[in-house]
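# Close look at the chain arrangement
The lines below spell out each chain.
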Amino acid sequence: MEHLQDRLSKWQVMALSRELHHDEAGVGKLCDLMLYAEDAQSAYNAAWILYYLPAEDKRVYVSPFYDKIADWAMKPCLHIRRGLVLSILIDLSSRTSGRTCLIFVLPMLSTKRNRTAVAR
């Protein structure tokens, strides 16, 4: 994935997500980029592209990363919007039986520290 360190338009994000249709290796690289990128913009762009992936591709190719993404979303100093990451997880959990993401996420979001961070 080139140019992910630059700010992308919604059109560019959607075009990149369409290019990744049925591309297991590409989606895996994008998940790794989101989870391990050193710069926030690349991680943010990767998350947006994952968000706009077709539902089938999310279910097949992003589901194996569910636990890693969930652990990453709970980090206290996440460098991209937590809501975006949680949207990906909720989308995955609503399509996958036996996963109840909200049970783990809601108590974390209800802590005083997180309410204060959201209010800023």
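So, on to helix α2 (residues 24–36). When the terminal C-alpha atoms of α2 are compared, their 18 Å separation across 13 residues agrees well with the 18 Å that a helix rising 1.5 Å per residue should span. Buried within α2 are the following residues: Gly26, Val27, Gly28, Leu30, Cys31, Met34 and Leu35.

A negative phi angle is the norm for most residues apart from glycine, just as the trans form is the norm for most peptide bonds. One non-glycine residue, His22, adopts positive backbone phi at about 65°. Along the chain, His22 turns up in the loop between α1 (10–19) and α2.

Turning our eyes to something else, we now look at the environment of Ala46. With respect to the helices and strands, the residue Ala46 is situated in helix α3 (residues 40–51). Judged by relative accessible area, Ala46 falls into the buried class, the value being 0%. In sequence terms Ala46 and Leu30 are 16 residues apart; their C-alpha atoms lie 5.8 Å from each other. Discounting residues that sit within four places of it in the chain, Ala46 has contacts with Leu30, Leu33 and Met34.

On to the environment of Ile88, then. Among the secondary structure elements, Ile88 is positioned in helix α6 (residues 82–95). When the C-alpha positions of Ile88 and Tyr52 are compared, they lie 9.2 Å apart, and in sequence the two are 36 residues distant. Those residues within four positions of Ile88 in sequence are excluded, and the remaining contacts are Met34, Ala47, Leu50, Tyr51 and Val62.

We now examine the pattern of salt bridges. Per the counting criterion, the structure on display carries one salt bridge. Across the pair Lys58 and Asp91 runs a salt bridge, and its minimum N-O distance is 2.5 Å. Taken together, the residues span a long stretch of sequence, with Lys58 in helix α4 (residues 55–62) and Asp91 in helix α6 at a distance of 33 residues. Side by side, Lys58 and Asp91 carry an identical accessibility label, which is buried.

Analysis parameters
- Residues numbered from 1 in each chain as written.
- Predicted model: local features only at pLDDT ≥ 70, side-chain atom pairs only at ≥ 80, totals over all residues.
- Heavy atoms only, no water.
- Helix = DSSP H or I, 4+ residues; strand = E, 2+ residues; numbered from the N terminus.
- Expected span 1.5 Å × (residues − 1).
- Buried < 20%, exposed > 50% of the residue type's maximum accessible area, 1.4 Å probe, protein only.
- Contact = heavy atoms within 4.5 Å.
- Salt bridge = Lys/Arg side-chain N within 4 Å of Asp/Glu carboxyl O.

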